[in-house]
Amino acid sequence: MRQWRRGLHRAWEWLGVRALFRRGRDLELMHRAMGFATLALVTLAPLLIVVAAGDPLVRGGFASWLTDGMGLSGQSADALTGIVSPPRKVIGTTSALSLVLLAVFGVSFAGSVQNGYERVWGLAAGPWHRVWRQATWLVVLTGYLYQEVQTRPALHGTVRIVVSVLSGVLFFWWGQRFLLGGQVNWRRLLPGAIATVAGLAGLRVFSYLVFTPLIVTNALNYGAVGTVLVVESWLIGVGFVVYGGALFGRWFCEHHWMPSHEEHGSRS
């Protein structure tokens, strides 16, 4: 019995799970995920609504982006589509000043993601003049989401899964490297990108099983507010995966993949 306990203790120490939970607590992972969801709904969503509304190839507008990300279909997708403004209405009521403000708000969202990555890797906050990195990351994020929606009707089955996984890994791999200003090398960032994509895939399955019927129920009981609450809950999950994936990647590198003496700031 003692040998069994010692074996379990050694396995626990080797896995380093305690260190992972401790870092998640220090990062205030759930708190950051809730902040991610709030900023995404208030600052990023309006910008994506305008971008999607100006796209002639996506008839569903922003609703098609959101339903694709959440894996919704049928009545749940219709309920979500019903609370999003029609594309023509969005374009007709959007001014140049509104676009500028939306872009500024979107950059603030990118800044919060950058700050989260910096906290994950224990780096100092980047100078204010690196805002161009946040703006560039926001543009690439929009392009990444756009191609995800475009491949939905064009590709099916295994082909689309492969394309989505590869594009997701490339985006989150590059995104960390770019927002961190190249202070962490590519090899150390790869596990976090893979973990993030795996987490988003799991969240998509969870959304299909749980949020799909929940949206329909909330729409009937609480109207648009109930639907928005479900979307906000899903965004909290996305934030948890984005930051948690990066945190897992650093933990995996330090405990199982790369020598602990290797510096965090090493460049490729």
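Scope of this entry: the structure provided in the associated data block. (Residues numbered from 1 in each chain as written. Predicted model: local features only at pLDDT ≥ 70, side-chain atom pairs only at ≥ 80, totals over all residues. Heavy atoms only, no water.)

### Quick look at the overall build of the protein
When you go through the protein residue by residue, the secondary structure sums to 11 helices and zero strands. Sequence-ordered secondary structure for the protein, helices as α and strands as β, is α-α-α-α-α-α-α-α-α-α-α. Counting only residues that meet the buried cut, the protein has 44% of its 268 residues in that class. Sequence-distant contacts, at least 24 apart, represent 80% of the contacts inside the protein between residues at least 6 apart. (Helix = DSSP H or I, 4+ residues; strand = E, 2+ residues; numbered from the N terminus. Buried < 20%, exposed > 50% of the residue type's maximum accessible area, 1.4 Å probe, protein only. Contact = heavy atoms within 4.5 Å.)

### Quick word on the packing of aromatic side chains
Under the criterion given, the structure shown has 14 aromatic pairs. Measuring from ring centre to ring centre gives 6.0 Å for Trp137 and Phe171, while their planes differ by 35°; the resulting arrangement is tilted. With a gap of 34 residues between them, Trp137 in helix 8 (residues 131-154) and Phe171 in helix 9 (residues 157-179) connect regions that are remote in the sequence. With a relative accessible area of 6%, Phe171 lands in the buried category. Ring centres of Phe206 and Phe211 lie 5.5 Å apart, and the angle between their planes is 85°; on these two criteria the pair is classed as edge-to-face. Judged by its relative accessible area of 41%, Phe206 falls in the partly exposed class. Classification of Phe211 as buried rests on a relative accessible area of 8%. Chaining the aromatic ring pairs together yields one cluster made of Phe36, Phe109, Trp132, Trp137, Tyr144, Phe171, Phe172, Trp174, Phe178 and Tyr243. (Phe/Tyr/Trp six-rings, centres within 6.5 Å; stacked < 30°, edge-to-face > 60°.)

### Re the packing of helix 9 against helix 10 (residues 186-222)
The interhelical angle for the contact between helix 9 and helix 10, taken along N-to-C directions, is 135°, at an axis separation of 8 Å. Classified by the interaxial angle, the pair formed by helix 9 and helix 10 is oblique. Of the two possible hands of crossing, helix 9 and helix 10 adopt the one that is right-handed. Taken together, the residues of helix 10 that come into contact with helix 9 (itself represented by Arg160, Val165, Gly168, Val169, Phe172, Trp173, Trp174, Gln176 and Arg177) are Trp186, Leu189, Leu190, Gly192, Ala193, Ile194, Thr196, Val197, Leu200 and Arg204. Its residues placed into classes, the contact of helix 9 with helix 10 shows 12 nonpolar, four polar and three charged. (Axes fitted to C-alpha atoms, helices over the stretch in contact; angles between N-to-C directions. Parallel < 35°, antiparallel > 145°, perpendicular 65-115°, else oblique. Left-handed = near helix turned anticlockwise from the far one by under 90°. Nonpolar A, V, L, I, M, F, W, Y, C, P; charged D, E, K, R; others polar.)

### Description of helix 10
Relative to the 54 Å expected for 37 residues at 1.5 Å per residue, helix 10 spans just 46 Å between its end C-alpha atoms, considerably shorter than the ideal helical length. Along helix 10, the largest kink reaches about 40° and is centred on Ser207. Backbone geometry just after helix 10 places Gly223 at a positive phi near 75°. (Expected span 1.5 Å × (residues − 1). Bend = angle between axes of the 7 residues up to and from the residue.)

### Observations concerning the pattern of salt bridges
Scanning the entire structure with this criterion turns up three salt bridges. Where Glu254 meets Arg23, a salt bridge forms, and the shortest distance between an N and an O atom there is 2.4 Å. Here Glu254, found in helix 11 (residues 224-257), pairs with Arg23, found in helix 2 (residues 17-27); they are 231 residues apart in sequence, far enough to count as distant. Assessed through its relative accessible area of 17%, Glu254 is described here as buried. Close ionic contact of Glu254 with Arg250 constitutes a salt bridge, the shortest N to O distance being 2.9 Å. Of this pair, Glu254 and Arg250 both sit in helix 11, four residues apart, roughly one helical turn. Overall, the relative accessible area of 12% leaves Arg250 in the buried class. Several salt bridges converge on common partners, so that one network encompasses Arg23, Arg188, Arg250 and Glu254. (Salt bridge = Lys/Arg side-chain N within 4 Å of Asp/Glu carboxyl O.)

### Digging into helix 9
For helix 9, spanning 23 residues, the distance from its first C-alpha to its last is 33 Å, which sits close to the expected 33 Å at 1.5 Å a residue. For helix 9, the full list of buried residues reads Arg160, Ser164, Ser167, Gly168, Val169, Phe171, Phe172, Gly175, Gln176, Arg177, Phe178 and Leu179.

### Things to note about the side chain of Glu232
By the secondary structure assignment, Glu232 is in helix 11. Of the side chains with opposite charge, Arg32 comes closest to the buried, unpaired Glu232, at an N-O distance of 15 Å. Among the polar contacts listed, one links the side chain of Glu232 to the backbone nitrogen of Thr38, at a separation of 3.5 Å. Residues contacting Glu232, with those up to four places away along its chain left out, are Ala37, Thr38 and Leu41. (Lys, Arg positive; Asp, Glu negative; His and termini not counted. Polar contact = N/O pair within 3.5 Å; in protein donor to acceptor, adjacent residues only side chain to side chain.)

### A word on the environment of Ser73
Take Ser73: it is sitting in the loop between helix 4 (62-70) and helix 5 (75-81). What makes Ser73 partly exposed here is its relative accessible area of 39%. A sequence separation of 139 residues divides Ser73 from Thr212, and the C-alpha atoms of the two residues are 7.5 Å apart.

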